[in-house]
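Secondary and tertiary structure notes
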Amino acid sequence: GQQVMQIPQYQHVQEGEDFTTYCNSSTTLSNIQWYKQRPGGHPVFLIQLVKSGEVKKQKRLTFQFGEAKKNSSLHITATQTTDVGTYFCAGPRDQKVTFGIGTKLQVIP
Amino acid sequence: DAGVIQSPRHEVTEMGQEVTLRCKPISGHDYLFWYRQTMMRGLELLIYFNNNVPIDDSGMPEDRFSAKMPNASFSTLKIQPSEPRDSAVYFCASTGTGYSPLHFGNGTRLTVT
């Protein structure tokens, strides 16, 4: 089964609104990775978080890793139509990389 | 760096036929992963290799599925016989170390009628 759970599964937002997706694990993660998959495309790596409580930013994207290293979030500020796609978290464990179900983001212009 | 190369991009076959999907990882990458993506189940890890050796195949659905990696630059995923429920996008990914980001191929969209 899936190592990580991700919510919500779908999200529709108006362009300019913020968006957040959450990733939760029942076990402590050594690190967490986030990927984005555009419609019809393949997952593309965005970022990796390693440290407890770590926060990283990429322009309008903010990634957080929980203090207990069991949860993570991705927040997009002021969404744009180019943000459309499915966002996945992945929790590598013993080199085995399993993905959450993903959050499919639709941005309404 | 040509990236991970998968072939074919699309495969349409009839139930009962054998299907072979191919993957060429990025040169120098020691890990290779096969994933299956469907709307219902998301990205499922089928099997992964380290230095051409299968490490974990617990995600392989059943005996109809098999995967090989005869050398560092080539892997296959075979389904025999194929069934309509095997229809999905199959991705291959590689990475240099176990905790490095995965590099995905463009995937093979398989349709079994």
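The following refers to the structure shown. (Residues numbered from 1 in each chain as written. Chains lettered and ligands numbered in written order. Predicted model: local features only at pLDDT ≥ 70, side-chain atom pairs only at ≥ 80, totals over all residues. Heavy atoms only, no water.)

**Some details on the interface of chain B and chain A**
Contact residues are listed per partner, giving 22 residues for chain B and 21 residues for chain A. Across the chain B/chain A interface, buried area totals approximately 1,800 Å², and carbon plus sulfur atoms make up 55% of it. Counting the surface chain B buries against chain A, the share from its top three residues, B:L43, B:Y99 and B:F104, is 34%. Summed over the shared surface of chain B and chain A, the result is one salt bridge. Residue B:D56 pairs with A:K96 through a salt bridge whose shortest N-O separation is 3.0 Å. (Contact = heavy atoms within 4.5 Å. Buried area = accessible area lost by both parts, 1.4 Å probe. Salt bridge = Lys/Arg side-chain N within 4 Å of Asp/Glu carboxyl O.)

**Things to note about the layout of surface pockets**
Taken as a whole, the largest pocket spans an internal volume of roughly 670 Å³. Along the walls of the largest pocket sit 33 residues, with A:Q37, A:G40, B:Q37, B:M39 and B:R109 positioned nearest its centre. Residue composition of the lining of the largest pocket, by class: 11 nonpolar, 18 polar and four charged. (1 Å grid on protein atoms, 1.4 Å probe; cavity = no way out; pocket = protein on both sides within 12 Å on 5 of 7 lines; lining within 4 Å. Points joined across faces, edges and corners; volume = space filled by probe spheres on them. Nonpolar A, V, L, I, M, F, W, Y, C, P; charged D, E, K, R; others polar.)

**Some points on the packing of aromatic side chains**
Residue and element names in this part refer to chain B. Here the structure, examined in full by the defined rule, presents 13 aromatic pairs over all chains. Centre to centre, the rings of Y31 and F33 are 6.4 Å apart; their planes meet at 20°, and the pair counts as stacked. There is no split in this pair, since Y31 and F33 are both buried. Measuring from centroid to centroid gives 5.7 Å for Y35 and F104, while their planes differ by 40°, and the two rings are tilted. You can see Y35 sitting in strand β4 (residues 31-38) and its partner F104 sitting in strand β10 (residues 103-104), a full 69 residues away along the chain. Per residue, the accessibility class of Y35 equals that of F104, and both read buried. (Phe/Tyr/Trp six-rings, centres within 6.5 Å; stacked < 30°, edge-to-face > 60°. Buried < 20%, exposed > 50% of the residue type's maximum accessible area, 1.4 Å probe, protein only. Helix = DSSP H or I, 4+ residues; strand = E, 2+ residues; numbered from the N terminus.)

Remember that the coordinates give geometry; whether it matters functionally is a separate question.
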